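The residues making up each chain are set out below.
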Amino acid sequence: MTQVTKAVIPVAGLGTRFLPATKALPKEMLPVVDKPAIQYVVEEATAAGLHDVLMVTGRNKNALENHFDRATELEATLMNKGDSKRLADVKASTELGEIHYMRQGDPRGLGHAVHKAKQHVGNEPFAVLLGDDLIHSDETLLKDMLAATVSTGTSVIALMEVDPSQTHLYGIATVEETGQDGLVKVSGLVEKPAAEDAPSNLAIIGRYVLQPDVFDVLEHTEPGRGGEIQLTDALDTMARNPEQGVHGVVFRGRRFDTGDKLSYIKAIIELALERDDLGDELRSWMREHYGSAQ
């Protein structure tokens, strides 16, 4: 099988859950401690060996391109000050890999955004990482998914158990055991079902490794929930086709939905507590004001 080297990151969303903060600032640029959320996602992709990254953007997303571009005047200022630590931090985002950009145009859903990557990806398997999902850097989810794609020859999605009351927020999978721990065969998918209609509590989270035949399926996928072209619907078609198939890696590690206000705040606190330069003082402050902190 062709080695996966490309990642697609759809970032055309409007970030309405974070208004008014996202009126002028892309939601992906909201900081998690001192790095924008999108940088964590790109770092995850490149750490897994995916150094060719395509961002599918929308209007008013120029800040994303600026962040991953060189800032020569700023670098020169930091160099002249001898501030090597901040200089290294600034340059880190520009050295992650080859990052490309294209506009989605009409906001017609995640499936439409993924299909826009067809020309860039070509006839190769590729990963899709959603910018709202932050997977802790200690986790090996994406690497596990890439390995599963090699072993199964199919598209692979990341699944996570959620409370049944939350199924209406996710695509939900019907699965069959494979005999391999953490790997399931997906036999069906449904987008955002009510709890009473959900086939399981295994939810799709924002990591996919897709075979290139997904583009042909997306071309024939009619708009679904919300009048948008749903990637979940295309994957359901593939899961039901014995010549294609879909597998899932069940993730039990640390993940934050940085598109959700409470989860975003939790991400900032947890990651800050782990840092040598912030953790002790923050932990002390939390104990003083709130009684306890890990």
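The rules behind each value
Residues numbered from 1 in each chain as written. Predicted model: local features only at pLDDT ≥ 70, side-chain atom pairs only at ≥ 80, totals over all residues. Heavy atoms only, no water. Helix = DSSP H or I, 4+ residues; strand = E, 2+ residues; numbered from the N terminus. Rg over C-alpha atoms; globule rule 2.2 N^0.38 Å. Buried < 20%, exposed > 50% of the residue type's maximum accessible area, 1.4 Å probe, protein only. Contact = heavy atoms within 4.5 Å. Areas by Shrake-Rupley, 256 points an atom, 1.4 Å probe, with all protein chains shown as cover. Pairing = 2+ DSSP bridges. Phe/Tyr/Trp six-rings, centres within 6.5 Å; stacked < 30°, edge-to-face > 60°.

Trainee: Whenever I open this one, the overall build of the protein confuses me. Can you help?
Mentor: When its secondary structure is counted, the protein shows 11 helices and 13 strands. For the protein, whose C-alpha radius of gyration is 20 Å, the value lies close to the compact-globule estimate of 19 Å for 294 residues. Along the longest, intermediate and shortest principal axes, the C-alpha atoms of the protein span 60 × 45 × 35 Å. Scored against the burial criterion, the 294 residues of the protein give a buried share of 48%. Nonlocal contacts in the protein, meaning residues at least 24 apart in sequence, comprise 75% of its contacts between residues at least 6 apart. Element-wise, carbon and sulfur atoms account for 48% of the exposed surface of the protein, whose accessible area totals about 15,100 Å².

Trainee: Can you walk me through the pairing of strand β6 (residues 126-129) in this structure?
Mentor: Along any regular strand, the residues point their side chains to alternate faces of the sheet. Along β6, one buried face is formed by F126 and V128 and the opposite face, lined by A127 and L129, is buried too. Bridge analysis of strand β1 (residues 6-10) against β6 gives 2 bridges, and the strand direction is parallel. When the bridges of β6 are listed, A7 appears paired with A127. The sheet contact formed by β6 and strand β11 (residues 202-210) spans 4 bridges and is antiparallel. Directly across from F126, in β11, lies its bridge partner L210.

Trainee: Would you take a moment to explain the packing of aromatic side chains for this structure?
Mentor: The description of an aromatic ring pair uses the distance of the two centres, along with the angle that the planes make with each other. For the structure shown, the criterion picks out 3 aromatic pairs. Plain terms: the ring middles of F18 and Y264 are 5.3 Å apart, the flat faces sit at 80° to each other, and that makes the pair edge-to-face. One end of the pair, F18, is in the loop between β1 and β2 (31-32); the other, Y264, is in helix α10 (residues 261-273), with 246 residues separating them in the sequence. Note on F18: relative accessible area 11%, which makes it buried. Judged by centre distance (5.2 Å) and plane angle (0°), the ring pair of F126 and F215 falls under stacked. Remark: F215 occurs in helix α8 (residues 214-219) and F126 occurs in strand β6; sequence separation between them is 89 residues.

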